[in-house]
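In case you want the letters, here they are:
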Amino acid sequence: MDPILIIKLGALGDVLRTTGFLKGLSQKHRAPIYWISMPNALPVLSRIPLITRSLTLEEWPSIAETRFSVV
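Here is a short report on the structure shown in this document. (Residues numbered from 1 in each chain as written. Predicted model: local features only at pLDDT ≥ 70, side-chain atom pairs only at ≥ 80, totals over all residues. Heavy atoms only, no water.)

So, about helix α2 (residues 22-29). Those residues of α2 that fall on the buried side of the exposure criterion are Leu 22, Leu 25, Ser 26 and His 29. Taken end-on, α2 shows its buried residues confined to a sector of 95°, consistent with a single buried face. α2 presents Lys 23 and Lys 28 as exposed residues on the side facing more than 90 degrees away from its buried surface. Along its buried surface, α2 packs onto β1 (4-7) and β2 (33-37). Just downstream of α2 lies Arg 30, where phi reads positive at about 45°. (Buried < 20%, exposed > 50% of the residue type's maximum accessible area, 1.4 Å probe, protein only. Helix = DSSP H or I, 4+ residues; strand = E, 2+ residues; numbered from the N terminus. Arc of directions from axis to C-beta. Contact = heavy atoms within 4.5 Å.)

As structure tokens, then:
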């Protein structure tokens, strides 16, 4: 299955609240999860094992050719 892309550029608290649905999303889709966020959120996101890769909007070109099943 193609990976899932989450884009959450809000404040760190907003990003953390959004992580609450990761378990259900992962169980339903059984696909890698990529997350684009602000640089200050990456240290937190990188510690969440359900997230395959976390990156900033500036790093988007490195995955721009990736086909995502859900965005």
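Further notes follow.
Attention shifts here to the pairing of β2. Of all five residues in β2, five are buried; the element is thus mostly enclosed. Residues Ile 33, Trp 35 and Ser 37 line one face of β2 and the alternating positions Tyr 34 and Ile 36 line the opposite face, and both faces are buried. As defined by bridge partners, β2 adjoins strand β3 (residues 53-56) across four bridges and the pair is classed as parallel. Residue pairing for β3: Ile 36 is matched across the bridge by Leu 55. (Pairing = 2+ DSSP bridges.)

In this section: a nonpolar patch on the surface. On the surface, Ile 7, Leu 9, Met 38, Leu 57 and Val 71 cluster together to form a nonpolar patch covering roughly 460 Å² of accessible area. Tracing the sequence through the fold places Leu 9 in the loop between β1 and α1 (12-18). (Patch = residues over 30% accessible without salt bridge, like charges linked within 9 Å, V, L, I, M, F, W, Y side chains within 5 Å. Areas by Shrake-Rupley, 256 points an atom, 1.4 Å probe, with all protein chains shown as cover. Salt bridge = Lys/Arg side-chain N within 4 Å of Asp/Glu carboxyl O.)

A few words now on the packing of aromatic side chains. Enumeration according to the criterion identifies two aromatic pairs in this entry. Arranged with centres 5.6 Å apart and planes meeting at 80°, the rings of Tyr 34 and Phe 68 form a pair that is edge-to-face. Residue Tyr 34 is located in strand β2, and its partner Phe 68 is located in the segment after β3; the two are separated by 34 residues in the primary sequence. Seen from their ring centres, Trp 60 and Phe 68 are 6.5 Å apart, and the 25° between their planes marks the pair as stacked. The class for Phe 68 is buried, based on a relative accessible area of 15%. Feature note: the residues Tyr 34, Trp 60 and Phe 68 constitute an aromatic cluster, connected by ring pairs. (Phe/Tyr/Trp six-rings, centres within 6.5 Å; stacked < 30°, edge-to-face > 60°.)

On to the pattern of salt bridges, then. Scanning the model with the defined rule gives two salt bridges in all. Taking the shortest distance from any N to any O, the salt bridge between Arg 67 and Asp 2 comes out at 3.0 Å. Separated by 65 residues along the polypeptide, Arg 67 in the segment after β3 and Asp 2 in the segment before β1 bring together distant segments of the chain. Of the residues examined, Asp 2 reaches a relative accessible area of 29% and is grouped as partly exposed. Where Asp 14 meets Arg 17, a salt bridge forms, and the shortest distance between an N and an O atom there is 2.3 Å. On the criterion of helical spacing, the pair formed by Asp 14 and Arg 17 is a turn pair, its members being three residues apart in helix α1.

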